[in-house]
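A look at the structure
Okay, here's what each chain looks like letter by letter:
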Amino acid sequence: MRFGIFYEHQLPRPWNPGDEAKLFHDALEQVQLADRLGYDYAWEVEHHFLEEYSHSSAPEVFLAACAALTKTIRLGHGIRQVIPNYNHPARTAEGLGTLDIVSNGRLDFGIGEGATRLELGGFAIPAKEKRALALEAAEQIANMMVMEPYPGYEGRGFSFPCRNIVPKPMQKPHPPMWMACTNRDTIKIAAANGIGALAFSFLDPEEAKTWAEIYYGIIKSEDCVPVGHSVNAQLAMVSNFSVHPDRDEAIRRGQEGFEFFSYAVNALVAHDVLPGRSTLFEDFQKSRAASDDEIIAARKAAKYNANGIGTPDDIREHIAGFQAAGVDQVIFLQQAGRNRHDHICEALELFAAEVMPAFKAQVAEREAKKAAELAPYIEAAMARKRWMAPLEDHEIPVVPASRPKAQINEAVR
């Protein structure tokens, strides 16, 4: 089992001077701590205009800072908005290549499309076309990172001439590709395209097992046709995360923040928004069904499932359920709502000391067994891939000079 941490950069109102800066610098400290403690991944989302819920609109900048401050932890776009209206595919490919080099080959590339009118409407993206546009762009971004030169493309979402995209990433053929998944349908799409599934849904182990069976069933089937130049057969699940020796204290420290996360995901789709005047956290507090004390009482009466919140023993059991279900990585949502920086760091340290070692000891054997099992299926999937034809030297179009030679000679005279 691999372990990651995940950032939306949530900042509930009211905002005081310096709050945004503190949020980002605290997160950088947490990533450095996770790197020292042996966590495997640090994932950063990309969202736009989603006040309070996510102030992570430039993940490439945050991840570059992480690359400079860390040594071994992998750095993930979880996700990058790939539709051309958000980020032109050539600019995404250039950024990925640069970040992979700066991080010494530690980059993972998750693709996303956005779901709210705030984002889609802000960039004039038709909601009904977003999935097709995202997959089209993802395939061409992969081609851009590999082909020399990139032959050019005329498509539904964008057109681009023949150019050689530089720099190329260190990882060959390119960084592992993932896709944000929120339901069984998107799990199927990720598997059919041969990319990892970042499951941004809070599931119990039984449902996680169903997702894993669906995902790996398609990876092993003829329906898997890779969108990239390699297959990244991995399933990662996001989980709540608040660990403390005292279960009640773990709930007090983490429960409200994770309830806010879930509330906001729904509210940003279902509620009207007045830009610059959001009341997301205030609305959440008014709607909150139970206090921490009531939740603690329910837990003691065996009516409440911690789901990533509790003692090291609670979390150990929680992770073991995911491992048995066939999940490859658990990604901890440790920064949510008003969760405190010192509490987050304490939880990361406690988990790394008391829970992580036993699971990490099993990684090499489990991953070797899985790789051997999947090898023939991945080979078959790559044989089904629809490759973009490279250009022969004589086919590469000449790009005319900025000024005709006659004009240059005249200027010299």
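Throughout this description, residue numbers start from 1 for each chain and increase along the sequence as written. Totals for whole chains, interfaces and linings use every residue, but because this is a predicted model, local features are given only for residues with pLDDT of at least 70 and side-chain atom pairs only at 80 or more, for both listing and counting. The basis for every side-chain value is the complete set of non-hydrogen atoms in the structure, without hydrogens or water.

A closer look at the overall build of the protein chain
Only DSSP runs of H or I reaching four residues or more are called helices, and only runs of E reaching two or more are called strands; each is numbered from the N terminus. What the protein chain contains, in helices and strands, is 15 helices and twelve strands. With the radius of gyration taken over C-alpha atoms, the globule rule is written as 2.2 Å times the number of residues to the power 0.38. Its C-alpha radius of gyration of 23 Å places the protein chain within 12% of the 22 Å reference for a compact globule of 413 residues. Seen along its three principal axes, the alpha-carbon backbone of the protein chain occupies a region of about 85 × 50 × 40 Å. Burial status follows relative accessibility: with a 1.4 Å probe on protein chains alone, a residue under 20% of its type maximum counts as buried, one over 50% as exposed, and anything between as partly exposed. The proportion of buried residues among the 413 residues of the protein chain is 54%. The criterion used for residue contact is that any of the two residues' heavy atoms lie within 4.5 Å. If you take every contact in the protein chain between residues at least 6 apart in sequence, the share linking residues at least 24 apart comes to 77%. With the model as given, the accessible surface of the protein chain reaches about 18,800 Å², and the carbon-plus-sulfur share is 53%. Looking at the protein chain, you have 43 positive and 56 negative side-chain charges, and the mean spots of the two groups are 2 Å apart. Only the protein chains shown count as covering a residue, and every accessible area follows the Shrake-Rupley method with a 1.4 Å probe. His is not counted here, nor are the chain ends, while Lys and Arg score as positive and Asp and Glu score as negative. Every charge is mapped onto a representative atom, which is NZ of Lys, CZ of Arg, CG of Asp or CD of Glu.

As for the packing of aromatic side chains
Any pair of Phe, Tyr and Trp rings, taking the six-membered ring for Trp, is counted once the centres come within 6.5 Å. Such a pair is stacked with planes under 30 degrees apart, edge-to-face with planes over 60 apart, and tilted for the rest. Inspection of every chain in the model, using the stated rule, returns 23 aromatic pairs. Aromatic side chains Phe241 and Phe332 sit 4.2 Å apart centroid to centroid with 25° between the ring planes, which places their arrangement in the stacked category. Taken together, the residues span a long stretch of sequence, with Phe241 in the loop between strand E9 (235–240) and strand E10 (242–243) and Phe332 in strand E12 (residues 329–333) at a distance of 91 residues. A residue is classified by how much of its surface remains accessible, and Phe241, at 3% relative accessible area, is buried. You can call Phe332 buried: its relative accessible area is 0%. When the ring of Tyr263 is compared with that of Phe284, the centres are 5.7 Å apart and the planes differ by 55°; the resulting orientation is tilted. On the criterion of sequence distance, the pair formed by Tyr263 in helix H8 (residues 247–270) and Phe284 in helix H9 (residues 280–287) is long-range, its members being 21 residues apart.

Observations concerning unusual backbone geometry
With an omega dihedral of 5°, the bond running from Arg13 to Pro14 counts as a cis peptide bond. Tracing the backbone through its elements, the reader meets Pro14 in the loop between strand E1 (2–7) and helix H1 (19–37). Following Glu148, the chain continues to Pro149 via a peptide bond in cis, the omega torsion being 0°. When you line up the elements, Pro149 lands in the loop between helix H5 (130–146) and strand E5 (153–154). A positive phi is found at Glu52, a non-glycine position, where the angle reads about 75°. As for its position among the elements, Glu52 is in the loop between strand E2 (41–44) and helix H2 (59–69). We classify Glu52 as buried; its relative accessible area is 0%. One non-glycine residue, Asn104, adopts positive backbone phi at about 60°.

Section: the environment of Asp292
Looking at where Asp292 falls in the secondary structure, it is placed in helix H10 (residues 292–300). Along the backbone, Asp292 and Pro169 are 123 residues apart, and their C-alpha atoms lie at a distance of 47 Å. Residues contacting Asp292, with those up to four places away along its chain left out, are Ile251, Arg252, Gln255 and Glu256.

Observations concerning the side chain of Asp314
Considering the arrangement of structural elements, one finds Asp314 in helix H11 (residues 312–325). A polar atom in the side chain of Asp314 sits 2.9 Å from the backbone nitrogen of Thr311. In protein, a polar contact requires one atom able to donate a hydrogen and another able to accept it; more generally it is a pair of N or O atoms within 3.5 Å, and residues adjacent in sequence count only if both atoms are side-chain atoms.

Here we look at the nonpolar core
To form a nonpolar core, buried Ala, Val, Leu, Ile, Met, Phe, Trp, Tyr and Cys residues must be joined to one another through side-chain atoms within 4.5 Å. In this structure, Phe3, Tyr39 and Phe351 are the most contacted members of the largest nonpolar core, which totals 89 residues. Among the elements that take part in this core, H5 stands out by supplying nine residues, more than any other. Apart from residues no more than four positions distant in its own chain, Phe3 is found in contact with Tyr39, Asp40, Tyr41, Ile319, Gln329, Val330, Phe332, Phe351, Met356, Phe359 and Lys360.

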